[in-house]
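So you can see what is in the structure, the chains are spelled out below.
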Amino acid sequence: MRKEPPSFIKIRTKVSILSLILVLAVGGLAGSPVHAQPVITAENMSLGGGGTAYLNGPEATFWNPANLMIREQPGQFHLEIGQGAVQFEPMLSSSSLNQQFANFLDGYQPYSQVDASINAKQRNSILNTHFPENKLLSQNQQRADLILGGAIWQQRDYVLSAALRARYASIIKTGRGWYEDEFTEHNGRQIRDFSLIQQRSEYYEFAVGYAQEFTFVNGLMPRLNTLYIGIAPKIILAGPAFDARYNARYIRDGEENMTGTFVSDFSMQSSGRFSGATTAYLQSRNPGEAIRNNFRDNYHYQQTGYGVGFDFGLNYMIPLSSRKKNSSKSPASSAPDKSLRIAFSLNDIGTIRYHSQPLRMSSGRDSLRAQMPVAANTMFVGAGGQYISYLHEAPLLPNPLAVSEQESDENYSALLPTSVNTGVLLDLEQFKFMGDLTLGLYDTAFTTTNLGVRLGAEIRPLPRIPIRLGTRFASKQPFQMGLGTGIETNHWDFTVGARTLFRQESPGATLVGVAVGGFQFHF
């Protein structure tokens, strides 16, 4: 095998470090706490949320299937059981672990079980935390990923994988006007924002992955460098979906105009129990009854759609060492002890067809003179059915559900939450440094069109015990830190991870994410 001169390896290492610095510099452009993230695991939660070049277990089937060719554990067959993760940023956070878990449940369970009332102190906390300076719209996401099981079968020239996953996400965006009676100065105008947006989805997926060397391109590159390519088609069963976007503002040009002009537009598409609750509300005008009759107190699987999609990825590996990891025990391509990996993935390409209780409503942009409601005495947490209740409890605000111009109960299609991801990983054997850029192509419950930047590191004080830490970068957003560890042996692995949030107005850290990696076995 051809060996690179030491000076050339040093040049490659400098290029690797410069690549990570570039990723970090771009972080100043990211301005939102919510970004695209194809998979949540204990490993990548600890590393700040990235993983395009890093993840190579069965979960890589859903992120970058090319990574399946890069194995760092011995064995030909790898089995994973029970990996789960939740992450959330509630309207009101708590230092109590039990209360934080209750906050997560509040956003998922029916509104009839939730106490969302707030007092003056809590209202001020919400305004200071989610509406700093002149910000008009808050944005909060909660998400859960559960990889029920996965397997990898390695051959010398290719790798096959299969994985089963359930995932849920909800994004809510709430206007400042719901929490404050005053107008806010914005671009030379005074605005009171009553926008109310929620996107919520559940997917149950089975994917099969395939990866191999891209030999045609490899023949055109330096002999030691390798390009891996992977693809993972999947079938999807969709649970109840809800996508409602009410963009509503009172606008006035001066303080002498006390009421202002109300400008709004509305669109909604839903399926399953969300459609049932909306239809029942329109018939009875009783939101409590509509919620109780359509939402169960406990988790209830309801299949409302089906779809197909795939994930695609590339990983270009540049060796920085001639030594291999586990080269005698694995038939697949063994990773060098030291390397630079540059990866790209295109995720969730496909569509869902909703057929169970489909409902679509919309109203075009409209302007009128209207009285303003006072600030709400409850916070919007996105609980099941709360959307219709929240609008109902503001009688002076034109209710878009009641005055919708167009309504349809025909089946409809929706695109999967497509995202583009790039990553760099510098592997120096006992140390790993990584950076990721993620971007959703459109706004969904799982993705936004805000650029996400993540940086992480893995350190091994002992060969079998990794310590992982990482963060995301977003301008004018609180600092987040991920931390995790695990045990890795020749026959099994176990990992855990957590994410904490540091806010200036809070004395300590707040837990906003927990993940357990389950067990991964190597045969």
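Coordinates for the structure precede this section.
Residues numbered from 1 in each chain as written. Predicted model: local features only at pLDDT ≥ 70, side-chain atom pairs only at ≥ 80, totals over all residues. Heavy atoms only, no water.

Participant: Just checking my understanding: could you explain the pattern of salt bridges for this structure?
Facilitator: In this structure the tally under the stated criterion is 23 salt bridges. Glutamate 72 is the partner of lysine 432 in a salt bridge, and the nearest nitrogen-oxygen pair spans 2.8 Å. Residue lysine 432 is located in strand β16 (residues 431–440), and its partner glutamate 72 is located in the loop between α2 (42–46) and β1 (77–88); the two are separated by 360 residues in the primary sequence. For the pair formed by lysine 432 and glutamate 72, the shared burial category is buried. Of the charged contacts in the structure, one is a salt bridge between glutamate 89 and arginine 472, with a shortest N-O distance of 3.1 Å. Separated by 383 residues along the polypeptide, glutamate 89 in the loop between β1 and α3 (97–106) and arginine 472 in strand β18 (residues 465–473) bring together distant segments of the chain. (Salt bridge = Lys/Arg side-chain N within 4 Å of Asp/Glu carboxyl O. Helix = DSSP H or I, 4+ residues; strand = E, 2+ residues; numbered from the N terminus. Buried < 20%, exposed > 50% of the residue type's maximum accessible area, 1.4 Å probe, protein only.)

Participant: Please clarify how the packing of aromatic side chains should be interpreted in this entry.
Facilitator: Given two aromatic rings, their pairing is described by the distance between the two centres and the angle made by the two planes. Tallied over the entire structure, the rule returns 22 aromatic pairs. On the basis of an interplanar angle of 50° and a centroid distance of 5.6 Å, the ring pair of phenylalanine 88 and phenylalanine 104 is categorised as tilted. Linking phenylalanine 88 in strand β1 with phenylalanine 104 in helix α3, this pair joins segments that are 16 residues apart in sequence. Each member of the pair phenylalanine 88 and phenylalanine 104 is classed as buried. Between phenylalanine 131 and tyrosine 179, the aromatic rings sit 6.0 Å apart at their centres with planes inclined by 45°, giving tilted as the arrangement. (Phe/Tyr/Trp six-rings, centres within 6.5 Å; stacked < 30°, edge-to-face > 60°.)

Participant: I tried to follow the environment of glutamine 155 on my own but got confused; where do I start?
Facilitator: For glutamine 155, the position within the fold is in the loop between β2 (137–154) and β3 (158–175). Each C-alpha atom, one on glutamine 155 and one on glutamine 76, is 7.3 Å from the other, the two residues being 79 residues apart in sequence.

Participant: Could you clarify how one ought to interpret the pairing of β3 in this entry?
Facilitator: Side-chain positions along a regular strand alternate between the two faces of the sheet. By the criterion of burial, β3 is predominantly enclosed, with 14 of the 18 residues buried. With 17 bridges connecting them, β2 and β3 associate as antiparallel partners. Directly across from arginine 143, in β3, lies its bridge partner alanine 169. Hairpin connection from β2 to β3: three residues lie between these consecutive antiparallel strands. The sheet contact formed by β3 and strand β6 (residues 196–213) spans 17 bridges and is antiparallel. Within β6, the residue paired with isoleucine 171 across the bridge is glutamine 199. (Pairing = 2+ DSSP bridges.)

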